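Listed below are the residues making up each chain.
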Amino acid sequence: MTFSEAEQPGTGEVTATVIVNAPAEVVFAALTDWRRQGDWIPFTTVRVLSGDGGEGSQIEAITQVGPAALRDLMRVVKVDPPYEVRVVHHGKVLRGPGVLRCTPLGADRTQVVWHEWFHLPAGPAGKVAWPVLWPGSKAGLTAALRRFARLVEGGKLS
């Protein structure tokens with residue numbers, strides 16, 4: 001699959017939302033501090049492969065549980081502080097666009113929405129498996145965002 005194909009939404013869609021009691025500017029800065037994402041996304045190490053973390057940057061996230069590891073390659077395709085960052089996952093397994101949106105709900109309250117549209121691996125079998133895998137994906141994203149909110153509200157991410 002080419003990068004331009006990965007830019008198109010896939011059929012595996014996941015959305016998670018959390019309210020963070022902090023200003024949108026603080027929340028957005030913490031979301032786009034790529035190297036710190038491992039503090040709130042379990043079993044994950046993130047690094048910037050090229051660029052400064054902004055548009056055009058290449059990001060690598062490796063999620064590892066025991067001997068199993070998943071490498072997620074992303075390109076940052078849009079940054080609109082403090083509201084939105086868009087990425088395109090273009091690795092061997094995870095492919096498709098994703099977006100993190102911050103919506104101010106007042107001076108010190110922000111809604112964060114994390115939305116992914118993955119191309120499902122394994123052809124028809126992937127489409128059959130998605131309804132079983134989806135709840136776990138949504139639960140995982142939601143748990144990560146809740147941890148993120150606690151860390152930002154506690155002043156441990158900014």
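Residues numbered from 1 in each chain as written. Predicted model: local features only at pLDDT ≥ 70, side-chain atom pairs only at ≥ 80, totals over all residues. Heavy atoms only, no water.

(A) Fine view of the pairing of strand β1 (residues 12-20). Of the two faces of β1, only one is covered, namely that formed by G12, V14, A16, V18 and V20; the face formed by E13, T15, T17 and I19 stays uncovered. As paired strands, β1 and strand β7 (residues 110-118) are joined by nine bridges and run antiparallel to one another. Residue I19 lies in a different strand from β7, and its bridge partner there is Q111. (Buried < 20%, exposed > 50% of the residue type's maximum accessible area, 1.4 Å probe, protein only. Helix = DSSP H or I, 4+ residues; strand = E, 2+ residues; numbered from the N terminus. Pairing = 2+ DSSP bridges.)

(B) Structural detail: the packing of aromatic side chains. According to the stated counting rule, one finds two aromatic pairs in the structure shown. Summarising the aromatic geometry, the rings of W40 and W114 are spaced 5.9 Å apart at their centres and angled 75° between planes, so their arrangement reads as edge-to-face. With W40 in the loop between α2 (24-31) and β2 (44-50) and W114 in strand β7, the pair connects residues that are 74 residues apart, well separated along the chain. Judged by centre distance (4.8 Å) and plane angle (55°), the ring pair of W40 and F148 falls under tilted. Placement of the pair is W40 in the loop between α2 and β2 and F148 in helix α3 (residues 123-153), with a sequence separation of 108 residues. We note that W40, like F148, is buried. What links up through ring pairs into an aromatic cluster is the set W40, W114 and F148. The ring of F3 carries R75 above its face, with NZ or CZ at 4.0 Å from the centroid. (Phe/Tyr/Trp six-rings, centres within 6.5 Å; stacked < 30°, edge-to-face > 60°. Lys NZ or Arg CZ within 6 Å of the ring centre and 35° of its normal.)

(C) Region of interest: the pairing of strand β5 (residues 84-90). For β5, the buried fraction is high: five of the seven residues fall into the buried class. Bridge count for strand β4 (residues 68-80) against β5 is six bridges, and the pairing is antiparallel. Looking at the pairing, V79 lines up with V85 of β5. Where β4 folds back onto β5 in an antiparallel hairpin, the turn is made up of three residues. Sheet topology note: the β5/strand β6 (residues 95-104) ladder contains seven bridges and is antiparallel. Paired with E84 across the two strands is R101, which belongs to β6.

(D) Seen up close, the sheet that holds β2. Spatially, β1-β7-β6-β5-β4-β3-β2 is the arrangement adopted by the seven strands of the open sheet, whose pairing is antiparallel. Each edge of the sheet is formed by a strand with only one pairing partner; in this case those strands are β1 and β2. Taken pair by pair, the neighbouring strands of this sheet meet at an average axis angle of 20°, ignoring direction. Relative to β4, strand β3 (residues 58-65) runs antiparallel, the two being bridged by eight bridges. By the bridge assignment for β4, V65 is matched with A68. Across the face of the sheet, α2 comes into contact with β1, β4, β5, β6 and β7 while running at roughly 155° to β6. (Axes fitted to C-alpha atoms, helices over the stretch in contact; angles between N-to-C directions. Contact = heavy atoms within 4.5 Å.)

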